[in-house]
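# Residue-level structural notes
Residue strings, one per chain:
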Amino acid sequence: MKLITDNLFNPPVLFFVLGIIAVLVKSDLELPGSTPKVLALYLLFSIGLHGGVSLAQSGISLTVALSIVAAVVMSCLTTVVAFVVLRPRLGVYNAAAIGATYGSVSAVTFMTAGNFLTEINVPYNGHMVAALAFMESPAIVAGLLCLRVFQPAGGTTRGSLLALAIESLLNGSVFLLLGSLVIGYLSGESGWDKVSPFAEGIFGGALCLFLLDMGLSAGRGLGGIREAGLFPVVFALVFPFVGATAGILVSKLLGFDQGDALLFTVLCASASYIAVPAVMKTAVPAANPVSMSPWRSASPFLSISSSASRSIMRRSSI
């Protein structure tokens, strides 16, 4: 309980709550201009670079390969399970879009979990960042496969599965994360020493400001809960526990260390609010944008996304 309460009262979490409170009390607090985009770029750069360096130190082993394979399998499996549960109530298009969203991952949630592990001095390996990066595209492909198998007669999606998979990999946030991971791996510890004052020194403060903006956006969209109805809300509250339980079992089966097991569980339980909604907005135009982003607002943060889908609103939840 002490670890839980300590984490709840961490500055990043409290800044997220502060953002919600600011909206509820009608404060004019707002991050200026492109600040949210800059913060997002920095955070993705930092975690990718750090993960690449850690991966270079630990080396590519059977454990690393199993972790990545397990991440891809869980990404696809989570998408399919979510689709099966949601299709009778929300229809094929919305179920495919939401399923892909939950099959993918949240980089911010991953960052928060990694920060938590650092504060309690529990080590974890850099290859979990690779698992984070590789869970984006499989979820999109799995969601579109579900859609194409069950879509009504005459229904269409835009683009081939291969083209959509490539687009998801070229999505700005995914591309930066993968690129930083490769650069960190190639440059190693000597390269990290040169950039660590920037890549690590201000990470906590940047995360606080980013989560403050997330809280502001989440607070603005609280009214959407009433419009969405009860079922999506119950699903959103329950399904992450299903993913987390599966993540714990797989972590135990594969013998992950404590830190890696927590991060893998977080990856299985989290959902994408950047890359996947951006791609699915273009690929499945029949899906309701609110279904992919129940708490949404226009934001410069999503200009990180590909040019084909820059107008999509972001999902604002940790």
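Quantities reported herein were computed from a predicted structural model and do not represent experimental measurements.

This paragraph deals with the overall build of the protein. Secondary structure assignment for the protein yields 15 helices and 0 strands. Considering only contacts in the protein between residues 6 or more positions apart, those separated by 24 or more positions represent 82%. As presented, the protein carries roughly 14200 Å² of accessible surface, and 69% of it is formed by carbon and sulfur atoms.

Turn by turn, an α-helix covers 3.6 residues, leaving residues three or four places apart pointing in a common direction. Between its first and last C-alpha atoms helix α5 (residues 107-119) spans 18 Å; for 13 residues at 1.5 Å apiece the expected length is 18 Å, and the two agree. Ala 107, Val 108, Thr 109, Phe 110, Met 111, Thr 112, Ala 113, Gly 114, Asn 115, Phe 116 and Leu 117 are the residues of α5 that are buried. Among the residues trailing α5, Asn 121 stands out with phi positive, at a value near 60°.

Another aspect to go through is the packing of helix α4 (residues 62-103) against helix α7 (residues 136-150). At a closest axis distance of 7 Å, the pairing of α4 and α7 adopts a crossing angle of 40°. Looking at the two axes, α4 sits oblique to α7. Remark: the crossing between α4 and α7 carries right-handed chirality. On the side of α4, the interface is formed by Val 72, Ser 75, Cys 76, Thr 79, Val 80, Phe 83, Arg 87, Val 92, Tyr 93, Ala 96, Ala 100 and Gly 103, while α7 contributes Pro 138, Ala 139, Ile 140, Ala 142, Gly 143, Cys 146, Leu 147 and Phe 150. Class assignment for the residues of the contact of α4 with α7 results in 15 nonpolar, 4 polar and 1 charged.

Here the focus is the packing of α4 against helix α12 (residues 230-254). Contact pair α4 / α12: the axes reach a minimum separation of 11 Å and the direction vectors enclose 160°. One finds that α4 runs roughly antiparallel with respect to α12. Both α4 and α12 take part in a crossing whose hand is right-handed. Facing α4, whose interface residues are Leu 66, Ala 70, Met 74, Thr 78, Val 81, Ala 82, Val 85, Leu 86, Arg 89, Leu 90, Ile 98 and Tyr 102, α12 presents Phe 231, Pro 232, Phe 235, Ala 236, Phe 239, Pro 240, Ala 246, Val 250 and Leu 254. Residue composition of the contact of α4 with α12, grouped by class: 19 nonpolar, 1 polar and 1 charged.

The next point concerns a nonpolar patch on the surface. Taken together, Val 17, Ile 21, Leu 24, Val 25 and Leu 222 make up a surface patch of nonpolar side chains, about 420 Å² in accessible area. In this fold, Val 25 is placed in the loop between α2 (11-24) and α3 (35-58).

One way to see where empty space is left: roll a probe the size of a water molecule over the atoms. The volume enclosed by the second largest pocket comes to roughly 470 Å³. Secondary structure elements with two or more residues in the lining of the second largest pocket: α3, α5, α9 (172-199) and α10 (203-220). If you tally residues by element for the lining of the second largest pocket, the top one is α3, at 7 residues. Within the lining of the second largest pocket, the residues separate by chemical class into 10 nonpolar, 12 polar and 1 charged.

Right, let's talk about α12 for a bit. Taking 1.5 Å of rise per residue, the 25 residues of α12 would be expected to cover 36 Å, and the 37 Å separating its terminal C-alpha atoms lies within 8% of that figure. Taking the largest bend as the criterion, α12 deviates by roughly 25°, centred on Val 238, and proline Pro 240 comes between one and four positions later. For α12, the complete set of buried residues consists of Phe 235, Phe 239, Gly 243, Ala 244, Gly 247, Val 250 and Ser 251. As for α12, its buried residues are in contact with α4 and α13 (258-269). Phi for Gly 255, located one or two positions after α12, is positive at around 70°.

So, on to the confidence of the model for the protein. Per-residue confidence for the protein averages 77 on the pLDDT scale, and 77% of its residues sit at or above 70. Element-level mean pLDDT values for the protein span from 52 in helix α15 (residues 289-292) up to 93 in α13. Within the model, the stretch residues 293-318 combines pLDDT values under 50 with 80 contacts to residues more than four positions away or in other chains.

What counts and how
- Residues numbered from 1 in each chain as written.
- Predicted model: local features only at pLDDT ≥ 70, side-chain atom pairs only at ≥ 80, totals over all residues.
- Heavy atoms only, no water.
- Helix = DSSP H or I, 4+ residues; strand = E, 2+ residues; numbered from the N terminus.
- Contact = heavy atoms within 4.5 Å.
- Areas by Shrake-Rupley, 256 points an atom, 1.4 Å probe, with all protein chains shown as cover.
- Expected span 1.5 Å × (residues − 1).
- Buried < 20%, exposed > 50% of the residue type's maximum accessible area, 1.4 Å probe, protein only.
- Axes fitted to C-alpha atoms, helices over the stretch in contact; angles between N-to-C directions.
- Parallel < 35°, antiparallel > 145°, perpendicular 65-115°, else oblique.
- Left-handed = near helix turned anticlockwise from the far one by under 90°.
- Nonpolar A, V, L, I, M, F, W, Y, C, P; charged D, E, K, R; others polar.
- Patch = residues over 30% accessible without salt bridge, like charges linked within 9 Å, V, L, I, M, F, W, Y side chains within 5 Å.
- Salt bridge = Lys/Arg side-chain N within 4 Å of Asp/Glu carboxyl O.
- 1 Å grid on protein atoms, 1.4 Å probe; cavity = no way out; pocket = protein on both sides within 12 Å on 5 of 7 lines; lining within 4 Å.
- Points joined across faces, edges and corners; volume = space filled by probe spheres on them.
- Bend = angle between axes of the 7 residues up to and from the residue.
- pLDDT = per-residue confidence, 0-100.

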